[in-house]
Amino acid sequence: MQTADDFKTLGNKAFSAQNFDEAIKHFTSAIALDASNHVLYSNRSAAYASLREFDKARADAEKTVTISPKWAKGYSRLGAAHHGSGNLDAAREAYSKGLEVEPTNALLAKGLADVEKALAESENDPFKSMLNEGIWAKLAANPKLSHLLADQQFVGKMKAMIANPGMAMQMMQGDQQIMMVLLQLMGINMTTSADEAEEAIKAAESATAPKSTSRARSPSPTPAPKARSASPARPAAAARPAEPMDVDAAEEVDADEKAARERRKQALAEKEAGNAAYKKREFESALAHYAKAWELSDETEVPVLTNTAAVHFEMGNYDECIKICEQAVEVGRERRVAFTVVARALARAGNAFVKKGDLESAIKYYNRSLTEHRTPDTLNRLRETEKQLTEAKKAEYHNPELSDAARDRGNELVKQQRYADAVKEYTEAIARNEQDPRAYSNRAMCYHKLGAVPDALKDCELAIARDPQFVKAYLRKAALQHLTKEYAKCIETCEQATVADVDGKHTAEIQQQQQKCYASMYGMDADADPNADPEKAREERAKNALKDPEIQAILADPVMQSILQQMQQDPGAARNHMQNPMIAGKIRKLVAAGVLGTHQRTDLFHRSGAPGGPTGSGGGAVALEMGAPSAAEYYTHEQARLHGVESHLDDFLAMGQSVLGNLSDQRATLKRTHRRMLDAANTIGVSRQLMSYIERRGTQDKWLFLSGVVISCALIWAMVHYLR
C-alpha cells in the first residue's frame with residue numbers, strides 16, 4: 001500500500017516533467033492520506049499556479065499557512081497566487097507576513113520587491129485607464145463588440161484584466177478576440193493597416209515591459225502578414241512571459257525535496273551517532289545527537305524520541321523517560337506512524353514505571369502497548385509484573401502474629417460450633433501467613449462440617465504441600481475420601497500418613513482409618529459385632545473383595561501368586577517379603593480385605609520394621625492360613641465360570657438380534673404383500689367378503705409378529721437374569 005510520501009514523490013516527478021494535472025492528482029492522493037502535511041498543500045498550490053488556476057492555488061496556499069504559520073514558504077506561495085490573480089495588495093501583505101516569520105528569506109524579499117515595483121508601474125500602464133468598470137458601457141455601445149457580452153468566458157477574462165490591468169498585454173498575445181477588443185477600445189479600427197496595429201502593440205509593450213521578471217523570456221515576434229478587412233493584424237507567436245511568481249514552481253519543489261532529503265540524511269546520521277554513543281554508554285553525547293536529529297526531522301521522527309527515552313531510562317531518569325514516551329505516542333498518532341512504534345513507546349514507559357515501583361501503572365501501560373501491537377516480550381513483562389504486584393500485596397499483608405490471633409479466634413468459634421464464622425477467621429489467618437499448614441487443616445475441618453467436601457480436600461492438599469510431615473492433614477484427607485467412597489485413594493492416603501508418622505504417635509488412628517475403609521469397601525465389619533464368627537466374617541469379606549478390581553489385579557499378578565505359594569509352603573518367608581514396601585503394601589491390602597488370613601494380623605503389618613523378631617513357625621512367627629490359596633482357586637474358578645456365562649450370553653444376544661431382524665423383515669414383507677393383494681383385488685373386482693377375510697388375516701399376522709417379539713424379549717431377559 002502506497003503512503004503519502006510515495007504519492008508526494010510521484011507528484012514531484014510529474015511536476016518536474018511539467019505534467020501538472022498528474023502532479024495535482026498525486027498530491028491530492030497524498031493529502032487524503034495525510035491531511036496535516038503542509039508541504040503537500042504547498043506543492044499542489046504550485047501545480048495549480050502553473051496551470052494558471054490561481055484561485056485553487058490561493059486556497060491551497062491559505063491552507064498551508066493555516067497548518068504551519070511559522071513556515072515562510074507558505075507565505076511565498078500565497079503571495080505568488082495573489083500576484084498571479086492580479087491582487088497586488090494581497091500579494092504584498094502575504095510577502096510582508098512571510099518576512100515577519102523569516103526576515104532573511106531572499107525569496108520573500110524579492111517577491112515583495114517585485115510586487116512593490118508592479119504597483120508603482122501600474123500607474124503608467126496604458127491599459128489601466130481603459131480597463132475599468134466603464135468598459136462595459138463602451139462594449140455595449142459598440143455594435144461590433146456588444147454581442148461578446150453574452151460570452152461568459154469573455155466576460156470572465158475582461159473582469160480579470162480589470163482586476164489586474166498588467167495582464168492585458170499577456171492576454172492580447174494569447175487571445176485574438178481580446179486583442180481585437182482592446183484595439184477597438186484604443187481607437188484602432190479594424191481597417192487600420194497592419195503596420196499601425198503593430199506600432200500600437202509595440203508602444204503598449206514598451207510601456208509594460210518593466211513588469212517582466214529577470215527570468216521572463218523576451219518576445220520575438222515575426223513579421224505580421226498584411227491585415228485583411230475582416231481581421232486585425234495578429235502578432236506572430238511569441239514566448240509567453242513568465243508567471244508572476246518569483247521562482248519557477250518546479251525548481252521550488254525540487255529545491256524543497258532536495259532540502260528535505262538533505263535534512264533527513266543529516267537527521268539519520270545524527271540518530272546513528274546517538275545509537276553508537278548509547279552502545280558505548282556515553283549517554284550525554286547520545287542525548288545531544290538525538291536532540292539534533294529531532295530538530296533536523298522537523299520534530300516528526302518518533303523513533304528518535306523512543307531512543308531518547310531509552311537513554312533516560314538507562315540514566316535512571318524515569319520520570320523524563322515516561323514524559324518523552326508520552327510525547328512519542330502523541331506525535332506518532334498525529335503522524336500516523338506504524339503501530340509497532342507506538343507500542344514500543346508504551347512498553348518503554350511501562351518499564352520505567354516498574355523501575356519506579358508503580359506496578360499498577362506499569363500494568364496499565366503494558367496493556368495499552370499490547371492493544372497497539374502484541375509481542376511475546378511485552379506479554380511476558382505484563383505477566384511478570386502482575387505476579388510481582390500480587391506478591392507485593394501479599395507481602396504487605398503478611399503478619400504471622402496476626403495470623404496466629406486469627407487462628408485462635410477460629411478455634412474458639414469451632415468450639416461454639418460456628419463453623420461458617422470460623423472459616424472466615426481461618427481464611428484471614430491464611431492471608432496473613434500462607435505457609436502455616438495448621439490454618440488450612442482447621443479450615444478443611446470446618447468445610448467438612450459444612451458439607452463443602454471439595455473445598456475441604458483442597459485445603460488438606462495445600463496443608464500437605466506446605467508441610468509433608470503434617471499427619472493430621474493426611475488423616476483428614478483420608479476421612480474425606482472415605483466419606484466420598486474413594487476407598488482406594490483413602491487407603492493410599494493412609495499409607496502416606498504412615499510414612500509421614502515418623503515417631504508413630506498416630507499409628508492407631510491410621511490403622512483404624514484403614515480398617516474402617518476396608519470394612520466399607522467390602523460391606524462387612526467383623527469388629528463391629530463381637531458375637532460374629534471371625535472365620536465366617538473373613539470368608540464373607542474375601543468373597544466381597546474378589547469384586548474389587550484392585551484385589552483382582554493383585555491376585556492375577558504372577559509375581560504375587562508365586563509369593564503367596566511360597567508363603568503357603570514356608571510361612572516364615574513372609575518376613576522377608578515384607579521388607580519390600582511394594583509387596584508389603586499388597587499383602588496388607590489382602591490381609592485387610594480378608595483374602596489373606598493370619599493368626600496375628602498386627603505382627604504382619606509391622607513385620608517389615610522388626611529386624612530382630614522371632615523366626616520359624618513357632619512362638620511369635622507369622623503363620624499363614626490356607627485362605628490365600630483357596631481364595632485364589634475360588635477366584636480362578638469363578639472367573640472361568642463368568643467367562644463361560646458371558647460367552648453364552650453373547651451367543652444368545654446375537655440369536656435374539658437375528659430373530660428380531662427376521663421378524664422385522666417378515667413384517668415388512670407382509671405389509672407389501674397386503675398392499676399388493678388389495679390392489680390386485682380392486683383391479684379384478686374381488687368380492688367384499690374376500691377382502692374382509694384378507695384384512696382379518698393381515699391383522700392376525702400382525703398379532704403373531706407382536707407375540708413373537710414379546711416372546712423373544714422374554715427369552716432374552718430370562719437368559720440374562722438366570723445365567724448371569
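Each remark here, short or long, concerns the structure printed above.
A quick note: this is a predicted structure, and the numbers were derived from the prediction, not measured.

J.: Any chance you could break down the overall build of the chain for me, citing the residues and the numbers?
T.: Secondary structure assignment for the chain yields 34 helices and zero strands. Split into buried and exposed, the 724 residues of the chain put 40% on the buried side. Long-range pairs, those at least 24 residues apart, make up 57% of the contacts in the chain between residues at least 6 apart in sequence.

J.: Quick rundown of helix H9 (residues 152-163)? Include the residues and the values.
T.: A rise of 1.5 Å per residue sets the reference length of H9, with its 12 residues, at 16 Å; its end C-alpha atoms lie 16 Å apart and thus fit the reference within 8%. Its side-chain oxygen 3.2 Å from the backbone nitrogen of glutamine 153, aspartate 151 forms the N-cap of H9.

J.: Pulling in residues and values, what's your account of helix H20 (residues 400-415)?
T.: Working note: α-helix, 3.6 residues per turn, so residues spaced by three or four point in the same direction. With 16 residues, H20 should cover 22 Å at 1.5 Å per step; its first-to-last C-alpha distance of 23 Å lies within 8% of that length. Of all the positions in H20, only Ser403, Ala406, Arg407, Gly410, Leu413 and Val414 are classed as buried. Taken around the axis of H20, the buried residues stretch over an arc of 115°, which confines them to a single face. Opposite its buried face, H20 presents the exposed residues Glu401 and Lys415, each directed more than 90 degrees away.

J.: Can you tell me about the packing of aromatic side chains, naming the residues and giving the values?
T.: Within this structure, the stated rule accounts for four aromatic pairs. Where phenylalanine 15 meets phenylalanine 20, the ring centres are 5.2 Å apart and the plane angle is 70°; that geometry is what we call edge-to-face. Note on phenylalanine 15: relative accessible area 1%, which makes it buried. Here phenylalanine 20 falls in the buried class, since its relative accessible area comes to 16%. Between arginine 368 and the ring centre of tyrosine 365, over which it is positioned, the NZ or CZ distance is 5.0 Å.

J.: Please provide a residue-by-residue account of the side chain of serine 50, values included.
T.: Along the polypeptide, serine 50 turns up in helix H3 (residues 38-50). At 3.0 Å, the side chain of serine 50 and the backbone oxygen of alanine 46 are in polar contact.

J.: Can you explain the packing of H3 against helix H4 (residues 54-67)? Please cite residues and give values.
T.: Think of two packed helices as two axes; the pair is described by the angle between the axes and how far apart they sit. Where H3 contacts H4, the two axes come as close as 8 Å, and the packing angle between them is 160°. The orientation of H3 with respect to H4, classified from their angle, is roughly antiparallel. Here the hand of the crossing between H3 and H4 comes out left-handed. Contacts between H3 and H4 involve His38, Tyr41, Ser42, Arg44, Ser45, Tyr48 and Ala49 on the former and, on the latter, Phe54, Lys56, Ala57, Asp60, Ala61, Lys63, Thr64 and Ile67. Grouping the amino acids of the contact of H3 with H4 by side-chain chemistry returns seven nonpolar, four polar and four charged.

J.: Please provide a residue-by-residue account of unusual backbone geometry, values included.
T.: Phi angles above zero are rare outside glycine, and arginine 281 is one such case at about 65°. Summarising the element assignment, arginine 281 is placed in the loop between helix H13 (249-279) and helix H14 (283-296). With a phi close to 55°, arginine 336 is a non-glycine residue in the positive phi region. If you trace the backbone, arginine 336 turns up in the loop between helix H16 (318-335) and helix H17 (339-356).

J.: Can you break down the packing of helix H15 (residues 302-315) against H16 residue by residue, with the values?
T.: Packing of H15 against H16 brings their axes to within 8 Å, and their N-to-C directions diverge by 170°. Taken together, the axes of H15 and H16 are roughly antiparallel relative to one another. Contact with H15, carried on its side by Val302, Leu305, Thr306, Thr308, Ala309, His312 and Phe313, involves Tyr318, Glu320, Cys321, Ile324, Cys325, Gln327, Ala328, Val331 and Gly332 of H16 and no other residues of that element. When grouped by side-chain class, the residues that make up the contact of H15 with H16 number 10 nonpolar, five polar and one charged.

J.: Quick one: what's the story with the environment of alanine 431, residue by residue and with numbers?
T.: Along the chain, alanine 431 turns up in helix H21 (residues 419-432). For the pair formed by alanine 431 and lysine 394, sequence separation is 37 residues and the distance between their alpha carbons is 7.5 Å.

J.: Can you explain the nonpolar core? Please cite residues and give values.
T.: In terms of nonpolar packing, the biggest core is built from 36 residues, with Leu305, Val311 and Cys321 touching the most fellow members. When contributions to this core are tallied by element, the ones reaching two or more residues are H14, H15, H16, H17, helix H18 (359-372) and helix H19 (376-397). If sequence neighbours within four positions are ignored, cysteine 321 has contacts with Ala309, His312, Phe313, Arg348 and Ala352. The next biggest cluster of nonpolar side chains, apart from the first, holds 22 residues, and it includes Ala439, Tyr474, Leu475 and Ala478.

J.: Give a description of a positive patch on the surface that names residues and reports values.
T.: A surface patch of like charges, here positive, comprises Arg667, Lys671, Arg672, Arg675, Arg676 and Lys702. The biggest single contributor to the positive patch is helix H33 (residues 627-684), with five residues. With respect to the helices, strands and loops of the structure, arginine 672 is situated in helix H33.

J.: For the pattern of salt bridges, give the residues involved together with the corresponding values.
T.: As enumerated under the stated definition, the model contains 23 salt bridges in all. Put simply, glutamate 53 and lysine 56 hold a salt bridge, and the shortest N to O gap is 3.6 Å. The exposure class assigned to glutamate 53 is partly exposed, which follows from its relative accessible area of 30%. The partner of glutamate 62 in a salt bridge is arginine 58, with the nearest N and O atoms 3.8 Å apart. Of the two residues, glutamate 62 and arginine 58 both sit in helix H4, four residues apart, roughly one turn of that helix. A relative accessible area of 38% places glutamate 62 in the partly exposed class. Residue classification places arginine 58 among the partly exposed residues on the basis of a relative accessible area of 24%. Through salt bridges with shared partners, one network takes in Asp404, Arg407, Asp436 and Arg438.

Parameters at a glance
Residues numbered from 1 in each chain as written. Predicted model: local features only at pLDDT ≥ 70, side-chain atom pairs only at ≥ 80, totals over all residues. Heavy atoms only, no water. Helix = DSSP H or I, 4+ residues; strand = E, 2+ residues; numbered from the N terminus. Buried < 20%, exposed > 50% of the residue type's maximum accessible area, 1.4 Å probe, protein only. Contact = heavy atoms within 4.5 Å. Expected span 1.5 Å × (residues − 1). Polar contact = N/O pair within 3.5 Å; in protein donor to acceptor, adjacent residues only side chain to side chain. Arc of directions from axis to C-beta. Phe/Tyr/Trp six-rings, centres within 6.5 Å; stacked < 30°, edge-to-face > 60°. Lys NZ or Arg CZ within 6 Å of the ring centre and 35° of its normal. Axes fitted to C-alpha atoms, helices over the stretch in contact; angles between N-to-C directions. Parallel < 35°, antiparallel > 145°, perpendicular 65-115°, else oblique. Left-handed = near helix turned anticlockwise from the far one by under 90°. Nonpolar A, V, L, I, M, F, W, Y, C, P; charged D, E, K, R; others polar. Core = buried A, V, L, I, M, F, W, Y, C linked by side-chain atoms within 4.5 Å. Patch = residues over 30% accessible without salt bridge, like charges linked within 9 Å, V, L, I, M, F, W, Y side chains within 5 Å. Areas by Shrake-Rupley, 256 points an atom, 1.4 Å probe, with all protein chains shown as cover. Salt bridge = Lys/Arg side-chain N within 4 Å of Asp/Glu carboxyl O. Lys, Arg positive; Asp, Glu negative; His and termini not counted. Charge placed at Lys NZ, Arg CZ, Asp CG, Glu CD.

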